[in-house]
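Listed here are the chains, written in short residue letters.
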Amino acid sequence: MIGPAFALASPFLRLMSPESAHDFTLKALSTLPFPAAAPDDPALAVEAFGLRFPNPVGIAAGFDKNAVAVDGLFRLGFGFVEVGSLTPRPQDGNPQPRLFRLPKDRGVINRFGFNNEGHDPALARLAKRKGAGIVGVNVGANKDSADKAADYAAGIRAFAGVASYFTLNVSSPNTPGLRDLQQKTALDDLVARAQAARDEASRTHPRRPLLLKISPDVSLSELDDIVAVALARGLDGMIVSNTTVSRPADLRERGLALETGGLSGAPLFNLSTRVLAETAKRVEKRFPLIGVGGIASAGDARSKLAAGATLVQLYSALVYRGPGLVRAIKHGLRGA
Ligand SMILES: Cc1cc2nc3c(=O)[nH]c(=O)nc-3n(C[C@H](O)[C@H](O)[C@H](O)COP(=O)(O)O)c2cc1C
């Protein structure tokens, strides 16, 4: 059982640096032969983007950037797995330390900077998989890329045969200039080129839904523009949100809060849920939304659904609550 294995390991995990603990967890998920979670109650199933999700709880991007533990994540009970962010060429990301736990706040700060092995290894792993399940591929741009939109298009072309859906990540705070792609003209160009790549790939593969993942730090007028572009271009959905560069005034870990990077976990919940609700108000159900940011319980997941999400994702709460959280959330949602 993964649960006891993690419980036994957790004192050691806490002694390790957060990044080593994460690498250890991924290794365990990809190698331990733990049994699969019980099949989902059909009442939990959700239709969105033309896909049928067995339950609405997904693992957010960044947990399994290189697609090494996809089957293990499905065995934990996630209804879908989003891998990435993946860039065309491998890159090391920022120097360590670059991942920080804020235990008193149940938060995490990261400034990884898109460390990943590049398209090829992840593609080989996904192509070799025999298991089923909805696998989203989250694409990004190399830090030193002169034409960032071209990197996103390359990701879509590369993964068209293995992705259930694509996410355009224009919201990581750790790649300089990336979030500028959320500005109206740049976003319109990016979405147009990503769609052209998707439509070209649709000649040989099924048409894959294209989603946009945004920052919770956009202003309401920027959000007006983003939703206008998404609707005008016919995007299939949006993910709200990525991590925040803001620091709520009531954070208890004052020293750690000074670390540069994106904040996630419980301190992100209110902000990301507010931006989700503002997005839903503008989208008026013309496409589905995925709510992410600070979910640590079934009640949190329900709040995201109430704010306009059709599906949810989480990452940081796993650090504090362990893998049993997925089952607990599904159980709570079923009883809703
Ligand atoms: C360590 C870490 C790495 C992340 N890497 C990515 C990434 O590569 N791409 C991405 O779109 N989001 C990334 N995220 C953001 C998460 O997908 C999610 O949007 C955010 O953490 C909020 O959810 P949470 O509060 O449940 O963690 C990362 C988050 C963390 C904590």
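Residues numbered from 1 in each chain as written. Predicted model: local features only at pLDDT ≥ 70, side-chain atom pairs only at ≥ 80, totals over all residues. Heavy atoms only, no water.

A.B. asks: Report on the packing of helix 4 (residues 119–128) against helix 5 (residues 148–159), specifying residues and quantitative values.
C.D. replies: When two helices pack together, their arrangement is given by the angle between the helix axes and by the axis-to-axis distance. At their nearest, the axes of helix 4 and helix 5 sit 10 Å apart, and the two run at 25 degrees to each other. Relative to helix 5, the element helix 4 lies roughly parallel. At the point where helix 4 passes helix 5, the crossing takes the right-handed sense. In this structure, helix 4 uses His119, Ala122, Leu123 and Leu126 to contact helix 5, whose residues at the interface are Asp151, Ala154, Gly155, Ala158 and Phe159. (Axes fitted to C-alpha atoms, helices over the stretch in contact; angles between N-to-C directions. Helix = DSSP H or I, 4+ residues; strand = E, 2+ residues; numbered from the N terminus. Parallel < 35°, antiparallel > 145°, perpendicular 65-115°, else oblique. Left-handed = near helix turned anticlockwise from the far one by under 90°. Contact = heavy atoms within 4.5 Å.)

A.B. asks: Outline the packing of aromatic side chains, listing residues and values.
C.D. replies: Note on aromatic pairs: each is described by the distance of the centres and the angle between the planes. Within the structure shown, the criterion is met by four aromatic pairs. Taking the centre distance of 5.3 Å and the plane angle of 80 degrees together, the rings of phenylalanine 63 and tyrosine 315 count as edge-to-face. Of this pair, phenylalanine 63 sits in the loop between strand 3 (57–59) and helix 3 (70–76) while tyrosine 315 is found in the loop between strand 13 (311–314) and helix 11 (317–321), placing the two residues 252 residues apart along the sequence. Through a chain of ring-to-ring contacts, the aromatic side chains of Phe49, Phe53, Phe80 and Tyr165 assemble into a single cluster. (Phe/Tyr/Trp six-rings, centres within 6.5 Å; stacked < 30°, edge-to-face > 60°.)

A.B. asks: Explain the pattern of salt bridges residue by residue, including any values.
C.D. replies: A complete count under the given rule lists 19 salt bridges for this structure. Among the ionic pairs, aspartate 41 bridges to arginine 334, the shortest N-O distance being 3.9 Å. Linking aspartate 41 in the loop between helix 2 (18–31) and strand 1 (46–48) with arginine 334 in helix 12 (residues 324–334), this pair joins segments that are 293 residues apart in sequence. On the basis of relative accessible area, aspartate 41 is assigned to the partly exposed category, the value being 28%. Residue class for arginine 334 comes out partly exposed when judged on its relative accessible area of 40%. Taking the shortest distance from any N to any O, the salt bridge between arginine 286 and glutamate 284 comes out at 3.1 Å. Classification of glutamate 284 by relative accessible area gives exposed; the value is 55%. Bridged by salt links that share partners, the residues Arg198, Asp199, Arg207 and Asp236 form one connected network. (Salt bridge = Lys/Arg side-chain N within 4 Å of Asp/Glu carboxyl O. Buried < 20%, exposed > 50% of the residue type's maximum accessible area, 1.4 Å probe, protein only.)

A.B. asks: How would you summarise the site of the ligand if you had to cite specific residues and measurements?
C.D. replies: Close to the ligand lie 25 residues, the nearest being Ala61, Ser85, Lys213, Gly294 and Ser316. Backbone polar atom of glycine 265 to an oxygen atom of the ligand: 2.8 Å apart, as the coordinates give it. For the ligand, an oxygen atom lies 2.6 Å from a polar atom in the side chain of serine 316. Here the ligand loses 98% of its free accessible area of 610 Å² to cover by the protein chains. Breaking the shell around the ligand down by element, the ones donating at least two residues are strand 4 (80–86), strand 6 (107–110) and strand 11 (262–265). Taken together, the residues of the shell around the ligand sort by class into nine nonpolar, 14 polar and two charged. (Near = heavy atom within 4 Å. Polar contact = N/O pair within 3.5 Å; in protein donor to acceptor, adjacent residues only side chain to side chain. Areas by Shrake-Rupley, 256 points an atom, 1.4 Å probe, with all protein chains shown as cover. Nonpolar A, V, L, I, M, F, W, Y, C, P; charged D, E, K, R; others polar.)

A.B. asks: Pulling in residues and values, what's your account of the sheet that holds strand 12 (residues 289–292)?
C.D. replies: Taken together, the eight strands give a closed barrel; going around it, the order is 3-4-7-8-9-10-12-13, and neighbouring strands pair in parallel fashion. Put simply, the sheet's adjacent strands are angled 25 degrees from each other on average, direction ignored. Contacts from helix 9 (residues 269–283) reach strand 9 (210–214), strand 10 (237–240) and strand 12 within the one sheet, and its direction differs from that of strand 12 by about 170 degrees. (Pairing = 2+ DSSP bridges.)

A.B. asks: I'd love a proper account of the sheet that holds strand 6, names of residues and values included.
C.D. replies: An order of 5-6-11 is seen for the three strands of this open sheet, with the pairing classed as antiparallel. Every interior strand has two partners, whereas the edge strands, strand 5 (99–102) and strand 11, have only one. Within this sheet the neighbouring strands show an average axis-to-axis angle of 25 degrees, counted without direction. In this structure, strand 5 lies alongside strand 6, joined through four bridges in antiparallel fashion. Residue pairing for strand 6: arginine 101 is matched across the bridge by valine 108.

A.B. asks: Account for the environment of asparagine 66, naming residues and giving values.
C.D. replies: Locating asparagine 66 in the fold gives a position in the loop between strand 3 and helix 3. Residue asparagine 66 is classed as buried on the basis of its relative accessible area of 14%. Distance from asparagine 66 to arginine 125, taken between C-alpha atoms, is 8.5 Å for residues 59 residues apart in sequence. Among all residues touching asparagine 66, those that are not within four sequence positions of it are Leu86, Asn116, Glu117, Ala122 and Arg125.

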